[in-house]
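Below, each chain spelled out in residue letters.
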Amino acid sequence: MKQHPELVPEDYDLNDFIPQVLEESGKWKGKLIGLPFYNNTMLFYYRKDLFEDPKIKQAFKEKYGRELTLPTTWEEVVEIAEFFTKKYNKSSPTDYGIALMFPRTHTLFYMYLLFFGEYRNAPLGIMRHGTADLEFGEYFTADHKPAFNSEEGLKALEMMKKLMPYSPDPLGSDYGETIEYFNQGLVAMVPQWTGPYLIFKSTLGEDKVGIIPMPGRSVSGQWALGINKFIPEEKKLAAFKFIIFATSKWADKNKFLRFAVAPARISTLQDPEVRAADPRVPALEVTYVSQTHRPRIPEEPRLEDITVETFSKILSGELPLSMETLNDLAKKWEEILGK
């Protein structure tokens, strides 16, 4: 951008990028290394038609003594998930309450943050662990030590286990399976990324698909575009031209409207056409400024491998859900980080 200002349109406007998104996906330690392209984040999808059905609402109130409302905490999700699971409610319109993906893959590493993030960023969690450093994410304390071997870490895994009976094959399901569970009407709720909205909308119909921010906290999954410095100069210029086009105001708006690619620009979120066309916008506005983050340090792949192994064994009952188990995992983290 400095070397070729003539290739940057006057209306490109770096300040139009959502500040948190530019910082999280475009910068490394304060230095601009790429431009935000796909501001992916996780949203909470639910069957709008079921939640608004008077008979279902009345049945829920009779069973739990409260109104069927959209959940804002995982504790509320547990109750709703039980109600929409046929094993626990024979009159449920769905077989299961929620679709969860807790496989022994990187998916489990980020799904944990949906639960841990709520407790880690609560006032008591901040008091114990400090505000998370963006480079290290919520898995760490403010001074870069493991934060999950704590009451907050235990509570997150306990909540995950509580929800598992209300989900079809949570340990064996991943991205594609949970999308299909919701698509086929097998479940009433599913935490998923921004992209599947188009699938849900086209299969179930827009009137049946509701979207709210994640109960507690979401997790980021942003994508940015950058240039390989080892390629020839002419290819760098070609890459730069493409990146400027693909991250422009026009492209940011149109790829959201046409392909559900979550926007990275303020102007897109504020655009009247966008707001009228896509019900995800209000949820995205809340999520972008409150989501949790995975570590962005070189050791992350090794930390992820040993963590999903331990978490998977805890959720399957092979390892006890205890502070001792989490302390053992934290020691392994410290060994890797120490090297």
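Structural data are supplied above this passage.
Throughout what follows, the structure given in this document is the object of discussion. Keep in mind it's a predicted model, so treat the numbers as computed, not measured.

Reading the values: the criteria
Residues numbered from 1 in each chain as written. Predicted model: local features only at pLDDT ≥ 70, side-chain atom pairs only at ≥ 80, totals over all residues. Heavy atoms only, no water. Helix = DSSP H or I, 4+ residues; strand = E, 2+ residues; numbered from the N terminus. Polar contact = N/O pair within 3.5 Å; in protein donor to acceptor, adjacent residues only side chain to side chain. Patch = residues over 30% accessible without salt bridge, like charges linked within 9 Å, V, L, I, M, F, W, Y side chains within 5 Å. Areas by Shrake-Rupley, 256 points an atom, 1.4 Å probe, with all protein chains shown as cover. Salt bridge = Lys/Arg side-chain N within 4 Å of Asp/Glu carboxyl O. Core = buried A, V, L, I, M, F, W, Y, C linked by side-chain atoms within 4.5 Å. Buried < 20%, exposed > 50% of the residue type's maximum accessible area, 1.4 Å probe, protein only. Contact = heavy atoms within 4.5 Å. Phe/Tyr/Trp six-rings, centres within 6.5 Å; stacked < 30°, edge-to-face > 60°. Lys NZ or Arg CZ within 6 Å of the ring centre and 35° of its normal.

## With respect to the side chain of Ser 25
Right, on to step 1. Mapped onto the secondary structure, Ser 25 falls in helix H1 (residues 19–26).
Right, on to step 2. One polar contact links the side chain of Ser 25 to the main-chain carbonyl oxygen of Val 21, over a distance of 2.8 Å.

## Digging into a nonpolar patch on the surface
Right, on to step 1. Where nonpolar side chains cluster on the molecular surface, the patch consists of Phe 242, Phe 245 and Trp 250 and spans about 380 Å² of accessible area.
Right, on to step 2. Residue placement: Phe 245 occurs in helix H10 (residues 233–246).

## A closer look at the nonpolar core
Right, on to step 1. By size, the foremost hydrophobic cluster in this structure holds 61 residues, and its most contacted members are Trp 74, Leu 163 and Met 189.
Right, on to step 2. A per-element tally of this core places helix H5 (residues 106–120) first, with 10 residues.
Right, on to step 3. Discounting chain neighbours no more than four positions away, the residues touching Leu 163 are Trp 74, Val 77, Val 78, Ala 81, Ile 98, Leu 100 and Phe 115.
Right, on to step 4. Membership of the second largest hydrophobic core comes to 34 residues, among which are Val 21, Leu 204, Phe 240 and Leu 269.

## Section: the environment of Met 189
Right, on to step 1. Counting through the fold element by element, Met 189 comes out in strand S6 (residues 187–193).
Right, on to step 2. C-alpha of Met 189 to C-alpha of Tyr 46: the two residues are 143 residues apart in sequence and 4.3 Å apart in space.
Right, on to step 3. Apart from the residues lying within four places of it in its own chain, the contact partners of Met 189 are Phe 44, Tyr 45, Tyr 46, Phe 51, Val 77, Ile 80, Ala 81, Gly 97, Ile 98, Ala 99 and Phe 182.

## Focus on the packing of aromatic side chains
Right, on to step 1. Scanning the entire structure with this criterion turns up 24 aromatic pairs.
Right, on to step 2. Each ring, one from Tyr 88 and one from Tyr 166, has its centre 5.2 Å from the other, and the planes form 80°; the classification is edge-to-face. One end of the pair, Tyr 88, is in the loop between helix H4 (74–83) and strand S5 (96–98); the other, Tyr 166, is in the loop between helix H7 (151–163) and helix H8 (175–183), with 78 residues separating them in the sequence.
Right, on to step 3. A network of ring pairs unites the aromatic residues Phe 109, Tyr 112, Phe 116, Phe 136, Tyr 139, Phe 140, Phe 148, Phe 311 and Trp 333 as a single cluster.
Right, on to step 4. A cation over a ring is seen here: Arg 265 above Tyr 12, with NZ or CZ 4.8 Å from the ring centre.
Right, on to step 5. Directly above the ring of Phe 17 sits Arg 265, whose terminal nitrogen or CZ lies 4.1 Å from the centroid.

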